[in-house]
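Secondary and tertiary structure notes
Chain by chain, the residues:
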Amino acid sequence: MTADLLERSAAKIVRLAAQGLDVAAFWRECSDVLATAVPNYMAPCWFTLDPQSLLVTSHFDPAVPEISADYLAHEYQRDDVWKMADIARSDLRTATVHEITGGRPEISECWRNFVAAYGADQELMVPLRSRNGTPWATVSLFREPDRPEFSTTEREFLAHVARPMAEGARRGLLIGEAIDRENGMAPSLIVVDEDWKTQSMTPGAHELLQRLPGYGENQLPSVVTSVAARTLNDALSLPAVARVRDSLGVWLTLHGAPMVADGHRRVAVIIEQTDADRLAPLLMDAYDLTEREKDITHLVLQGLSTNDIAEQLVVAPQTVQQHLKHIFDKTGVNSRRELVGKVFFGFYEPRLRDNETRTQVGKPIRGGPARGSIR
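Everything in this summary refers to the structure shown in the same document. (Residues numbered from 1 in each chain as written. Predicted model: local features only at pLDDT ≥ 70, side-chain atom pairs only at ≥ 80, totals over all residues. Heavy atoms only, no water.)

1. Points about the packing of aromatic side chains
Taken as a whole and judged by the stated rule, the model has 7 aromatic pairs. On the numbers, 6.1 Å between centres and 15° between planes, the contact of F47 with Y71 is stacked. In this pair, F47 sits in strand β1 (residues 45–49) while Y71 sits in helix α3 (residues 69–77), placing the two residues 24 residues apart along the sequence. One exposure class covers both F47 and Y71, and it is buried. Measuring from ring centre to ring centre gives 5.3 Å for Y71 and F114, while their planes differ by 85°; the resulting arrangement is edge-to-face. Of this pair, Y71 sits in helix α3 while F114 sits in helix α6 (residues 109–114), placing them 43 residues apart in sequence. Taken individually, Y71 and F114 each receive the classification buried, so the pair is uniform in this respect. Among the aromatic side chains, those forming a connected cluster through ring pairs are F26, W27 and W46. Stacked on the ring of W251, the Lys or Arg R243 has its end atom at 4.3 Å from the ring centre. (Phe/Tyr/Trp six-rings, centres within 6.5 Å; stacked < 30°, edge-to-face > 60°. Helix = DSSP H or I, 4+ residues; strand = E, 2+ residues; numbered from the N terminus. Buried < 20%, exposed > 50% of the residue type's maximum accessible area, 1.4 Å probe, protein only. Lys NZ or Arg CZ within 6 Å of the ring centre and 35° of its normal.)

2. Describing the side chain of T231
Along the polypeptide, T231 turns up in helix α9 (residues 222–233). Setting aside residues no more than four positions away along its own chain, T231 makes contact with A240, G256, A257, P258 and V267. (Contact = heavy atoms within 4.5 Å.)

3. Quick notes on helix α12 (residues 306–313)
Taken together, the buried positions of α12 are occupied by T306, I309, A310 and L313. The arc enclosing the buried residues of α12, seen along the axis, measures out at 100°, which places them on a common side. In α12, the exposed residues that point more than 90 degrees away from the buried face are N307, E311 and Q312. Among the structural elements, α11 (291–301), α13 (317–331) and α14 (336–360) are those in contact with the buried residues of α12. Phi turns positive one or two residues past the end of α12, at V314, with a value near 55°. (Arc of directions from axis to C-beta.)

Pasting the structure below:
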């Protein structure tokens, strides 16, 4: 691949990330770009992750509209050297199964059953992290046995476009959830024109606007017009972001995404509660976990060891073990692996399956866990 092609491909992905596309539409467009920039077998496989737990919330692959139950059972109920959450929380910018296994991919059950079994040999996974390093998604590209390995140039390109792809997915989730609201914690969306006049807004947006500094009956809060102005003036870069405390003391984050329709420029301003954690209340309702037990459960789901959890929470490893015993008792499991599987299949598989259905009928993908049937 020439340097010019890679530069044009990267610029196109940045433009796509700024357009406020639904996640599935964004993945489709990015797949077309990657097919030229980094030739790969069949199609890329995309996953969105809940950044609070690093568990999968959606899957997109036109060749495989529904991810197999066997794959999910492997990912969340079996040990392997090639795991999505491990790559997502690592410092790696890109990773291949051949590297992780020391050139022996056959030692990975995932490679044997879900890569080689489908005619591929290589799998390159790229964690898609936002500008603050939070993992929002992953993408895997594949090649057949007779194809050359992914080159350093190709991997550097993928690492370079990983952040705009993460930002595009995150904004796609926000816009989708704002348009098709599921709960009171969903983000709100306001569409304004070049004259700062409100064109439309989602349910709940007006109440949020009233809580922002500078709100007036005929005047948008200054933070909204600031985000809109920066988005319109720099529409080819990633959308503007601002953070503000509302009148209730809650921190809100605002994102801008340009919209073009009938030749008129508009801006979608998405407002969300900063760092909203939708899993914690579900854990409390289902298992009556304490705040500390919820904190430890989050870190277990992310794959952290006892010592890592102790260091992050500034407690002794023995304290972590004691909390884990209480968590196991309350959730009815005997191990970390069983805990991860129970949380995934109880709260995240219902979201994943719903998103697969939504994608097939053109509805936006949702992020975060769902209230599933705990078993």
